Amino acid sequence: MALTLSLLWRGPLASCNFDCAYCPFAKRRDSRRTLEADRAVLRRFVDWIAARPAEDRLSILFIPWGEGVIRRHYREALLRLSHLPQMETVAIQTNLSAPMGWVAGADARRLAFWCTWHPGQMELGRFLERCATLRRHGIGFSAGVVGVPEHRPAVAALRAALSPEVYVWVNGLASHSYTAAEIDAFAAADPLFELSLHRPWPSRGQACGAGERSVAVDGDGTVRRCPFLAEPLGNLYRDDVAGLLRPRPCPAESCRCHIGYVQLDRLRLDEVFGRGLLPRIPAQPPTRAMARERLAQRTQVSATGR
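Rules used in this analysis
Residues numbered from 1 in each chain as written. Predicted model: local features only at pLDDT ≥ 70, side-chain atom pairs only at ≥ 80, totals over all residues. Heavy atoms only, no water. Helix = DSSP H or I, 4+ residues; strand = E, 2+ residues; numbered from the N terminus. Rg over C-alpha atoms; globule rule 2.2 N^0.38 Å. Buried < 20%, exposed > 50% of the residue type's maximum accessible area, 1.4 Å probe, protein only. Contact = heavy atoms within 4.5 Å. Areas by Shrake-Rupley, 256 points an atom, 1.4 Å probe, with all protein chains shown as cover. 1 Å grid on protein atoms, 1.4 Å probe; cavity = no way out; pocket = protein on both sides within 12 Å on 5 of 7 lines; lining within 4 Å. Points joined across faces, edges and corners; volume = space filled by probe spheres on them. Nonpolar A, V, L, I, M, F, W, Y, C, P; charged D, E, K, R; others polar. Salt bridge = Lys/Arg side-chain N within 4 Å of Asp/Glu carboxyl O. Pairing = 2+ DSSP bridges. Right-handed = clockwise from strand over helix to strand, strands pointing away. Core = buried A, V, L, I, M, F, W, Y, C linked by side-chain atoms within 4.5 Å.

Participant: Is there a simple way to think about the overall build of the protein chain in this case?
Facilitator: Counting secondary structure elements, the protein chain contains ten helices and 13 strands. Relative to a compact globule of 306 residues, whose C-alpha radius of gyration would be 19 Å, the protein chain shows 19 Å and is just as compact. Overall, the C-alpha framework of the protein chain stretches about 50 × 50 × 35 Å when taken along its three principal axes. The buried share among the 306 residues of the protein chain stands at 54%. In the protein chain, once contacts between residues fewer than 6 apart in sequence are set aside, the share between residues at least 24 apart is 70%. For the protein chain, the exposed area adds up to about 13800 Å²; of that, 51% sits on carbon and sulfur atoms.

Participant: Where do I start with the layout of surface pockets in this structure?
Facilitator: It is the rolling of a water-molecule-sized probe over the atoms that shows where space remains empty. A volume near 400 Å³ is recorded for the second largest pocket. Contributing to the lining of the second largest pocket are 19 residues, with Ser6, Arg213, Asp270, Gly274 and Leu277 lying nearest its centre. Counting only elements with at least two residues in the lining of the second largest pocket, the list comes to strand 1 (4-10), strand 2 (57-62) and helix 9 (269-273). Each residue belonging to the lining of the second largest pocket can be placed in one class, and the counts come to seven nonpolar, five polar and seven charged.

Participant: What am I meant to see in unusual backbone geometry here?
Facilitator: The backbone phi angle of arginine 268 is positive, close to 50°, even though this residue is not glycine. Turning to its location among the elements, arginine 268 is positioned in the loop between helix 8 (258-261) and helix 9. Overall, the relative accessible area of 24% leaves arginine 268 in the partly exposed class.

Participant: I tried to follow the pattern of salt bridges on my own but got confused; where do I start?
Facilitator: Close approach of charged atoms allows side chains of opposite charge to pair. Taken as a whole, this structure holds 16 salt bridges when the rule is applied. Measuring nitrogen to oxygen at the nearest pair gives 2.9 Å for the salt bridge that ties arginine 110 to aspartate 107. Across the pair arginine 224 and aspartate 218 runs a salt bridge whose closest N-O atoms are separated by 2.3 Å. Through salt bridges with shared partners, one network takes in Asp184, Glu194, Arg288 and Arg292.

Participant: What exactly am I supposed to notice about the pairing of strand 5 (residues 140-146) here?
Facilitator: Consecutive residues of a regular strand have side chains that alternate between opposite faces of the sheet. Among the seven residues that make up strand 5, six are buried, leaving the element largely enclosed by the rest of the structure. Judged from the five bridges that link them, strand 4 (residues 111-116) and strand 5 form a sheet pairing that is parallel. From the neighbouring strand, tryptophan 114 faces strand 5, where its bridge partner is serine 142. Examined bridge by bridge, strand 5 and strand 6 (residues 168-171) share four bridges and lie parallel to one another. By the bridge assignment, alanine 143 is partnered in strand 6 with valine 168. For the crossover that starts at strand 5, traverses helix 4 (residues 152-161) and ends in the parallel strand 6, the hand is right-handed.

Participant: Help me understand the nonpolar core in this model?
Facilitator: Among soluble globular proteins, nonpolar side chains are generally buried collectively. If you look at the biggest cluster of nonpolar residues, it comprises 66 residues, and the most contacted ones within it are Leu7, Phe62 and Phe113. Looking at which element gives the most residues to this core, the answer is helix 1 (residues 32-51), with seven residues. Excluding anything up to four places from it in sequence, phenylalanine 62 contacts Trp9, Leu42, Phe45, Tyr74, Leu78, Leu81, Val90, Ala91, Ile92 and Gln93. Counting residues in each nonpolar core, the second largest holds 29 residues, with Ala210, Leu267, Val272 and Leu277 among its members.

By themselves, these observations are geometric and do not establish any function.
So this is what it looks like as structure tokens:
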């Protein structure tokens, strides 16, 4: 039986070339040994995918702690995976600091990017140039910014510069209490902004696709339901993966991250993003009404104490 599964993969890489105040990995440098280990485990993972039956339907989101696209082994892995028949989508979170001309060698139907612009670290023009390269080669992507209040003009400029069909997202800062004016400004760029603004989402006992439709995989092959739950389900290289999958209610009190709460069944975010669930690319133009409909679910769950 064909396996249909999303995999969120993270290896040892934890270095980044940017110095963002809100990121714990800013300007961190990995040793040569760590980079070699990361290269080896990534190659092993790609080989595992390539050895799967062609009938499988697999989607991958690379979620490195650091910046992967500046590393050749990630670029090579993305290209190779994009040409495999098992792949539905292969995507990575990236700051777009690397030149992107290499995507010309990819199968554009499968490759996608979750792109984050960091004002102060990269000029908007250079970021837009990289986005234009992706569009020129038919590569899907979303682009976004961390919702630092001082970045409101930058977010508006990004939204104005990109084509309307490109989704611009804004991640709310948990440490900041937004004013109504700030919320309206960010929601003008990202109609779904309030979904991240109202984190964490109550999740204990809630139905979730993590562990059934989606799993997190570490460099050594350890499989977990999601990146935020420590309990292992098994190992990608030793176990029958299909045998690890089943519906499970969430054991955590709440879920704080987009890559986690998109799997909560009650939010029905698969209806918003469709095949673009992993790279954060909506299947249809999002509206603020979509966000508010799902925020109502938060209120209902909170009222029941679940």
